[in-house]
Amino acid sequence: MDYTEERIYLAAHYMLEHSATVRDTARAVRSSKSTVHKDLTTRLMQLNPTLAGEVRKVLDANKAERHIRGGQATLNKYKRMKRE
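Please read all numbers here as calculations on a predicted model, not as lab measurements.

What counts and how
- Residues numbered from 1 in each chain as written.
- Predicted model: local features only at pLDDT ≥ 70, side-chain atom pairs only at ≥ 80, totals over all residues.
- Heavy atoms only, no water.
- Helix = DSSP H or I, 4+ residues; strand = E, 2+ residues; numbered from the N terminus.
- Rg over C-alpha atoms; globule rule 2.2 N^0.38 Å.
- Contact = heavy atoms within 4.5 Å.
- Areas by Shrake-Rupley, 256 points an atom, 1.4 Å probe, with all protein chains shown as cover.
- Lys, Arg positive; Asp, Glu negative; His and termini not counted.
- Charge placed at Lys NZ, Arg CZ, Asp CG, Glu CD.
- Buried < 20%, exposed > 50% of the residue type's maximum accessible area, 1.4 Å probe, protein only.
- Expected span 1.5 Å × (residues − 1).
- Bend = angle between axes of the 7 residues up to and from the residue.

### Some points on the overall build of the protein
Counting its secondary structure elements, the protein contains four helices and zero strands. When the elements of the protein are put in sequence order from the N terminus, they spell out α-α-α-α. For the protein, whose C-alpha radius of gyration is 15 Å, the value lies well above the compact-globule estimate of 12 Å for 84 residues. Here the C-alpha coordinates of the protein stretch approximately 50 × 25 × 20 Å along the principal axes. In the protein, the proportion of contacts linking residues at least 24 apart, taken out of those at least 6 apart, comes to 55%. Put simply, the protein shows about 6100 Å² of open surface, and 51% of that area lies on carbon and sulfur atoms. In the protein, 17 positive and 10 negative side-chain charges are present, and the distance between their average locations comes to 12 Å.

### Examining unusual backbone geometry
One non-glycine residue, Ser 19, adopts positive backbone phi at about 50 degrees. Of note in the backbone geometry, Arg 30 takes a positive phi value of approximately 55 degrees without being a glycine. Positionally, Arg 30 belongs in the loop between helix 2 (22-29) and helix 3 (33-47). With relative accessibility at 78%, the residue Arg 30 sits in the exposed group.

### Section: helix 1 (residues 3-18)
Here helix 1 spans 22 Å end to end across 16 residues, near enough to the 22 Å set by a 1.5 Å rise per residue. Taken together, the buried positions of helix 1 are Arg 7, Ile 8, Tyr 9, Ala 11, Ala 12 and Met 15. On its buried side, helix 1 packs onto helix 2, helix 3 and helix 4 (49-83). With its phi angle positive at about 50 degrees, Ser 19 sits one or two positions after the end of helix 1.

### Points about helix 4
Taking 1.5 Å as the rise per residue, helix 4 with 35 residues should run 51 Å; its terminal C-alpha atoms sit 49 Å apart, in good agreement. Along helix 4, the sharpest kink reaches roughly 45 degrees, centred on Glu 65. Within the sequence span of helix 4, burial applies to Leu 51, Ala 52, Val 55, Val 58, Leu 59 and Asn 62. Turning to helix 4, the residues buried within the fold contact helix 1, helix 2 and helix 3.

Printed below as a string of structure tokens:
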């Protein structure tokens, strides 16, 4: 197994174990966000379609929830600004 395959599997398993976002996964595996996204959406499908399907479920769930996380982040930002 070469470095790229190791990185792909490491990212996939991290995302599944932690239900992590692409950004969190990228930090954990020390790669860029775009590399992790490409690894998990394209390259993993060629290596292990079953695992890719499981990862896809987490990616889809994160995408469905991201507007909520963004709104919460904005709310927290303005609360911090109000306190200062």
